[in-house]
Amino acid sequence: MPISPATALSSSLDASVTPLVEMLDIDKAFPGVRALSGARFELRAGEVHALMGENGAGKSTLMKILSGVYTRDAGEVRLNGQPVEITSPRQAQDMGIGIIHQELALMRDLTAAQNIFIGREPRRAFLLDEGALNRNTHAIFDSMNLKLEPTVKVETLTIAKQQMVEIAKALSYQSRVLIMDEPTAALNDAEIAELFTIINRLKAEGVGIVYISHKMDEIKRISDRVTIMRDGEYVGTVPAADTPIETIISMMVGRTLTNDALVIPNTSAAPVALEVRNLNRGREIRDVSFSVRKGEILGLAGLMGAGRTEVARAIFGADPRESGEIWVNGNRVGISSPQDAVRAGIGYLSEDRKQFGLATGLDVRNNIALASLERFIGPGGVINDGAMHETAEKFIRQLSIKTPSDTQEARLLSGGNQQKVVIAKWLLRDCDILIFDEPTRGIDVGAKAEIYKLLNALAEQGRAIIVISSELPEILRLSHRIGVMCEGRLTGMLPGGSSQEEIMRLATLRPSAVAETNSERKSA
Amino acid sequence: MTDITAPATKSGVRISGAFHRLLAFSGLIALVVVFSIASPNFMQTQNVLAILQATSVNGVLAIAATLVIITGGIDLSVGTLMTFCAVITGVVLTNLGMPLPIGILASILAGTFCGLISGSIIAKLKVPPFIATLGMMLILKGLSLVVSGTKPIYFNDTPGFNQIALGSAVGSIFPSVPVPNGVLILFLVAAIAAFVLSKTALGRYTFALGSNEEAVRLSGVNVDRWKIAVYATAGGICGVAGLLIASRLNSAQPALGQGYELDAIAAVVIGGTSLSGGRGTVVGTLIGALIISVLANGLRILSVAQEWQTVVTGSIIILAVYADILRRRTL
């Protein structure tokens, strides 16, 4: 099935052309929250329109209304100038509106082809026509230049490939409007380039693309116009090319942010807090050794699948390691479970807060106390709520966590504040070695700056910090030293403030080739 | 050194992977081998047929449970629904004196209807499957007693009714292999269920629902309708089980039924179907059901006390699931 948009509109951005989509004065309230108030959005055929705003600004809600997941309380939605009512995802798809959700909405146990055509399986009589299903899927993959077997099970694919399956699914609906919610969150540079090629092709065919992202450089690269939202309201629409990033950011946060420059403290005399020697685990971690001093921030850079998270999880005892030693404050420690790691003073902040870091159903207070509950157990085994409350309040003030109270459920906080709650948890547990895995994933610009400030403050207090990040600007902004990984190996250790090019060179160094020649030499 | 060990471990993983994938089947073979060595009577045709016959009711119920479990749900009512269907058949055939085909139809329709209700409660009212079918289990247990007046209904007036399970269409053609019809029906139900799961939309959505229900919903599929259809199909299959048990006992025993659901779920789990949904096979369930009956039969032949058979079955369930966890860890 070729990608052919149902619209014959030219790709010109002439304002006199009827917009593909108009959303006017959209209101939406959820119990206790006003998510949207007079929100507006306009999408023309053949444009990439970025939708920006901090978390909770209402971007996703607005797009869920357009794609039929939510229904609006008030306002009007027009498609090609005609007012429409979109009441279900199915109806939106039939109108040519496709959405790629931020949390990948795939069925892991099904094949790629079965996922793409779910709900529209080709049939022969009442039987499924698996042959046609796979042929159609193959055609879509071909049109995307994607090398993927239609019959591969989704659970065996990398996140990036799963993302491509999602895109293929949206394309299969012949969508005229394609909404992408943070499509590059899990992609590496090569994959992003591939995605952008596909976006440009769709654009040339007259598809209108809504692009939600926090990454400024991408917005600049790919989009034609940017609409900014704040607190559920429309702030403005600007052309992407000639609007400075600072302007867009200040529209998003409603104030101007100062970007602190990197200051590298001299920690060469400070004692080593954590040392890893010859860590190994299958193909994921190969002979990794490094150390972090007190007061130092070590960045770990690399492409997706380079093994950074695996190293962190092995140090933390979350995954078993095959060999290797871990030394904390000059003593060798046996770590075979997270419990051992925490006892040794190591805290790990997972990239997936909802799955691993936060008990989303519990309140802020209990989340902070979660790793140190024994401190709050009074006589008779009864939990001392008063003491817990005082401690929680102390951290809420210290880390300026934005929450109505310490009894607020953690899931109701924004991403940045959830991250702070997890940090508070490890601080309370006296963890002096903190490993942050993608600390600002899904966190908006304003909160990002705050998290950076907090990490710097933690280092100044003498804690040893490891930051894993896929965003190079973030690594460069924070790290006093930068370790670069590729295919499970530490391919280099760079001083802070190194160039992006140098990091990328090490991140794409094929160590497997190097290793093979080495072992050949050894055996010879 | 690494160069020598690397390929060795690789093939080692491959062998054990294949072994684990066939774990339930290997387990069944191992049991058969052990029991045939331990007792010469075990592999006698008569005993093999007895094992198969004993598997038929639990096997059919387990297939019903498999469908529901693949969606990520659970059906605790399969046992008492089976009894309810048997009682309905009794009412239709004995009390109302209708002809045999009507009685058969009534059982399957009653099962489908009850499944439809369970499914609707789960899909529309959003009651968790565990609770909805727990309630349904008790409701049907009570209704069976109410409808039958707490007394068994006998099928003495319907000659041929006991032939549904006990007769042997195969035996009338090949007298040397008198496979009972009940066993034939089990394999027929299994074949149809396997076909539905792999070739029809209902099957596709069964797996899709268990894999990621929200994703199915966002794909514009009418999730409620398909979920109800799965429970209704499972209910219809319980109707078949109702016919089998009633035919075997030549009566509808209204007090029977509770406890069967756990045997059925045990067979499903031993057969490798994941309780968290999204994966499972009918063949696996069939093997699971056979393992349970072979164990019971073999231990009985070896004169192991009934109490101990239950202990062994329980241990097998835990072992089977643990083996599955190990398998997934090595992959």
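Residues numbered from 1 in each chain as written. Chains lettered and ligands numbered in written order. Predicted model: local features only at pLDDT ≥ 70, side-chain atom pairs only at ≥ 80, totals over all residues.

### Looking at the sheet that holds strand β6 (residues 97-100) of chain A
Residues and elements named next belong to chain A. Convention followed: Between any two strands, pairing holds if DSSP finds at least two bridges. A run of H or I in DSSP counts as a helix once it spans at least four residues, and a run of E counts as a strand once it spans at least two, with each numbered from the N terminus. Fitted lines through C-alpha atoms serve as axes, helices being fitted only where they are in contact, and the angles separating the N-to-C directions of these axes extend from 0 to 180 degrees. Any two residues are considered in contact once their C-beta atoms, placed from the backbone, lie within 7 Å.
Pairing is mixed in the open sheet, where six strands are placed in the order β6-β9-β10-β3-β11-β12. Of all strands in the sheet, those with a lone pairing partner are β6 and β12 (233-239), marking the two edges. On average, each strand axis in the sheet is inclined to that of its neighbour by 20 degrees, with strand direction left out of account. In terms of strand pairing, strand β9 (residues 177-181) meets strand β10 (residues 208-212) through five bridges, oriented parallel. Along β10, the bridge assignment pairs Ile 179 with Val 210. In the packing of helix α1 (residues 59-66) onto the sheet, the strands contacted are β3 (48-52), β6, β9, β10 and β11 (225-230), and the crossing angle to β9 comes to about 150 degrees. Sheet strands in contact with helix α6 (residues 189-204) are β3, β9 and β10, and its direction is about 145 degrees off that of β10.

### Notes on the packing of helix α4 (residues 130-144) of chain A against helix α5 (residues 159-172) of chain A
All names here are of chain A. Using the following cut-off: Here the angle decides the label: under 35 degrees means roughly parallel, over 145 means roughly antiparallel, 65 to 115 means roughly perpendicular, and every other value means oblique. Under this grouping Gly is polar, as are all residues other than the nonpolar Ala, Val, Leu, Ile, Met, Phe, Trp, Tyr, Cys and Pro and the charged Asp, Glu, Lys and Arg.
At a minimum axis distance of 10 Å, the contact between α4 and α5 shows a crossing angle of 110 degrees. Comparing the axis directions of α4 and α5 gives the class roughly perpendicular. Contacts between α4 and α5 involve Ile 140, Phe 141 and Met 144 from the first element and Met 164, Ala 168, Leu 171 and Ser 172 from the second. Of the residues contributing to the contact of α4 with α5, the split by class is six nonpolar, one polar and no charged.

### Here's the deal with the domain arrangement of chain A
All names here are of chain A. How we decide: Note that the domain bounds reflect an automated or database-derived domain assignment.
Segmentation of chain A into domains returns domain 1 (21-96 + 175-253), domain 2 (108-173) and domain 3 (272-359 + 431-523). A C-alpha centroid distance of 34 Å is found between domain 1 and domain 3. Between domain 1 and domain 3, the residue contacts involve nine residues of the former and seven residues of the latter. Classifying every residue of the side of domain 1 that touches domain 3 by side-chain character gives five nonpolar, three polar and one charged.

### Points about the environment of B:Ala289
Residue and element names in this part refer to chain B. By the secondary structure assignment, Ala 289 is in helix α13 (residues 282-301). Measuring from C-alpha to C-alpha, the distance between Ala 289 and Ala 305 comes to 20 Å, with 16 residues separating the pair along the chain. When neighbours within four sequence positions are excluded, Ala 289 is seen to be in contact with Thr 55, Asn 58, Gly 59, Ala 62 and Ala 267.

### Quick notes on the confidence of the model for chain B
Residues and elements named next belong to chain B. Here is the rule we go by: The quantity known as pLDDT measures the predictor's confidence residue by residue, on a range of 0 to 100.
When pLDDT is averaged across chain B, the result is 89; 92% of the residues are at 70 or more. For chain B, per-element mean pLDDT is lowest for helix α1 (residues 2-21), which scores 40, and highest for helix α5 (residues 100-123), which scores 97. In the model, residues 1-17 has pLDDT below 50 throughout and makes seven contacts with residues more than four positions away in sequence or in other chains.

### As for the nonpolar core
For clarity, the cut-off: In this usage, the nonpolar core is the set of buried Ala, Val, Leu, Ile, Met, Phe, Trp, Tyr and Cys residues whose C-beta atoms join them within 7 Å. Residues with at least 20 other C-beta atoms within 10 Å of their own are called buried, those with 12 or fewer are called exposed, and the rest are partly exposed. The C-beta atoms themselves are positioned from the backbone.
Counting 164 residues, the largest nonpolar core has B:Val60 and B:Leu61 as its most contacted members. Per-element accounting of this core gives the leading share, 15 residues, to helix α11 (residues 223-249) of chain B. Each of two domains, domain 1 (21-96 + 175-253) and domain 2 (108-173) of chain A, supplies a minimum of three residues to this core. If we skip the residues at most four places from it in the chain, B:Val60 touches B:Leu186, B:Val189, B:Ile237, B:Val240, B:Ala241 and B:Leu244. Listed in part, the 71 residues of the second largest apolar core include A:Ala341, A:Val422, A:Leu458 and A:Val484.

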